[in-house]
Structures are given as C-alpha cells and as structure tokens.
Amino acid sequence: PLHGRKTAPAEIKVIKRAANPWYEVKLIEGRQNQIRMMFKHFGRLVEKLRRIRIGFLELDLRPGDFRPLSQREVERFRKLLKLEQE
C-alpha cells in the first residue's frame, strides 16, 4: 500500500549487480515517489531515477531536451485518457 491505497503490481529486474546495483522497474500506475518508497521498504536507497518510457512513448532524448508530439501521439494519449475515465 502507498498513501493508504493498494498499488497496481510492479515488475523489477536486476540490470547490473554491484555494490550500487541498477534495476529496471516497470509500473502500471506510477504514483508520487512510488519507486523510492518501494525500495525504502526493503532497506534500499534510490540515488537516481531515469524514465525511459511513458505508455507507448519512448523517451530517447537527453536530459533537458524536448520535441513536439506528433498528431498521432497526441491522439493516442487522448484515447488512453478517455479509456481511463470510463
């Protein structure tokens, strides 16, 4: 549970085993500080997070860079939002 509500299941995979390991975490719903709080529950500190995808949209930009969404991408997001509201 997070903030009194149960979260959707998450997947976790070890990417790099070391003194400071790297993990890949896949969330269905990402609530505020969810990853940090999940790791804290198991006694782990999260030093850095990097989002690589939001839904269908791959984020292949450098930090601080941006690009406009295509009309198709905007429509896909609108469709997803509409489905969530139903």
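Conventions we followed
- Residues numbered from 1 in each chain as written.
- Predicted model: local features only at pLDDT ≥ 70, side-chain atom pairs only at ≥ 80, totals over all residues.
- Heavy atoms only, no water.
- Salt bridge = Lys/Arg side-chain N within 4 Å of Asp/Glu carboxyl O.
- Buried < 20%, exposed > 50% of the residue type's maximum accessible area, 1.4 Å probe, protein only.
- Patch = residues over 30% accessible without salt bridge, like charges linked within 9 Å, V, L, I, M, F, W, Y side chains within 5 Å.
- Areas by Shrake-Rupley, 256 points an atom, 1.4 Å probe, with all protein chains shown as cover.
- Helix = DSSP H or I, 4+ residues; strand = E, 2+ residues; numbered from the N terminus.
- Contact = heavy atoms within 4.5 Å.
- Pairing = 2+ DSSP bridges.
- 1 Å grid on protein atoms, 1.4 Å probe; cavity = no way out; pocket = protein on both sides within 12 Å on 5 of 7 lines; lining within 4 Å.
- Points joined across faces, edges and corners; volume = space filled by probe spheres on them.
- Nonpolar A, V, L, I, M, F, W, Y, C, P; charged D, E, K, R; others polar.

### Thoughts on the pattern of salt bridges
Next, step 1: Per the counting criterion, the structure on display carries six salt bridges.
Next, step 2: Arg31 is paired through a salt bridge with Glu29; the nearest N and O atoms lie 3.4 Å apart.
Next, step 3: Overall, Glu29 belongs to the partly exposed group, its relative accessible area being 26%.

### Brief notes about a nonpolar patch on the surface
Next, step 1: A contiguous nonpolar patch, built from Ile12, Val14 and Tyr23 and spanning about 250 Å² of accessible area, is present on the exposed surface.
Next, step 2: When you line up the elements, Tyr23 lands in strand 2 (residues 22–27).

### Here we look at the environment of Met37
Next, step 1: With respect to the helices and strands, the residue Met37 is situated in helix 1 (residues 34–41).
Next, step 2: On the basis of relative accessible area, Met37 is assigned to the partly exposed category, the value being 37%.
Next, step 3: When the C-alpha atoms of Met37 and His3 are compared, they prove to be 10 Å apart, with 34 residues separating the residues in sequence.
Next, step 4: Other than its neighbours up to four places away in sequence, Met37 contacts Leu2, His3 and Gln32.

### What about the pairing of strand 1 (residues 10–16)?
Remark: a regular strand shows side chains that alternate across the two faces of the sheet.
Next, step 1: As paired strands, strand 1 and strand 2 are joined by six bridges and run antiparallel to one another. What sits directly across from Lys13, in strand 2, is Glu24.
Next, step 2: Where strand 1 hands over to strand 2, the hairpin turn is made up of five residues, counted between the paired strands.

### Re the side chain of Glu73
Next, step 1: Turning to its location among the elements, Glu73 is positioned in helix 2 (residues 71–85).
Next, step 2: Take Glu73: its relative accessible area is 14%, and that puts it in the buried class.

### Section: the side chain of Gln34
Next, step 1: Mapped onto the elements, Gln34 comes out in helix 1.
Next, step 2: Sequence-distant contacts of Gln34, defined by excluding residues within four places in its chain, comprise Leu2, Thr7, Ala8, Leu27 and Glu29.

### Let's talk about the layout of surface pockets
Next, step 1: The space that makes up the largest pocket amounts to roughly 1800 Å³.
Next, step 2: Taken together, 39 residues form the lining of the largest pocket, with Val25, Ile35, Leu49, Arg50 and Arg51 sitting closest to its centre.
Next, step 3: Of all the secondary structure elements, the ones that give two or more residues to the lining of the largest pocket are strand 1, strand 2, helix 1, strand 3 (53–54) and helix 2.
Next, step 4: In terms of residue count, the dominant contributor to the lining of the largest pocket is strand 2 (six residues).
Next, step 5: For the lining of the largest pocket, a count of residues per class yields 20 nonpolar, five polar and 14 charged.

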